[in-house]
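Chain by chain, the residues run as shown.
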Amino acid sequence: MTRAAIKEKPSIAEIGGNIQGLKEDLVNYRNEIIKLKEKRAAINADIKAIMENAESKGIPKKALRWALNYYESTPEQREGLNEGYSICLEAWGMPNNAYQSEMFSA
């Protein structure tokens, strides 16, 4: 089965119905999408500000993103990440020590 066959959808003519109603729906879809894009832009700006704040305190943005992704992972996903990370570091001849900050040592 080809990709085109899988995604084949009926044409507007095949569906039939009220074209004016469809046009009204399309105007509503457009308006809803625009509003959501505006919300997304505002949310992205808020996230960027938080990342920049953390970075100003010495935490690289990439580290915060990585830690957040790890935090949001399931225990099973974390186990796989831990194992994969360790294997990669070993394969590349890099040290595999858990990070311990001297900053927080008593």
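What you are looking at is a predicted structure, and each value in this text was computed from that prediction instead of being measured.

Engineer: Describe the pattern of salt bridges, listing the residues and the values that go with them.
Structural biologist: A complete count under the given rule lists two salt bridges for this structure. In this structure, the salt-bridge partner of Lys 48 is Glu 52, at a minimum N-O distance of 3.9 Å. Residue Lys 48 and its partner Glu 52 are located together in helix α3 (residues 19-56), separated by four residues, close to a single helical turn. Exposure remark for Glu 52: the relative accessible area of 36% places this residue in the partly exposed category. For Glu 55, the salt bridge is made with Lys 61, and the minimal N-O distance between the two is 3.7 Å. Among the residues examined, Lys 61 registers a relative accessible area of 24% and is labelled partly exposed.

Criteria and cut-off values
- Residues numbered from 1 in each chain as written.
- Predicted model: local features only at pLDDT ≥ 70, side-chain atom pairs only at ≥ 80, totals over all residues.
- Heavy atoms only, no water.
- Salt bridge = Lys/Arg side-chain N within 4 Å of Asp/Glu carboxyl O.
- Helix = DSSP H or I, 4+ residues; strand = E, 2+ residues; numbered from the N terminus.
- Buried < 20%, exposed > 50% of the residue type's maximum accessible area, 1.4 Å probe, protein only.

These results come straight from atomic positions and should not be treated as a statement about function.
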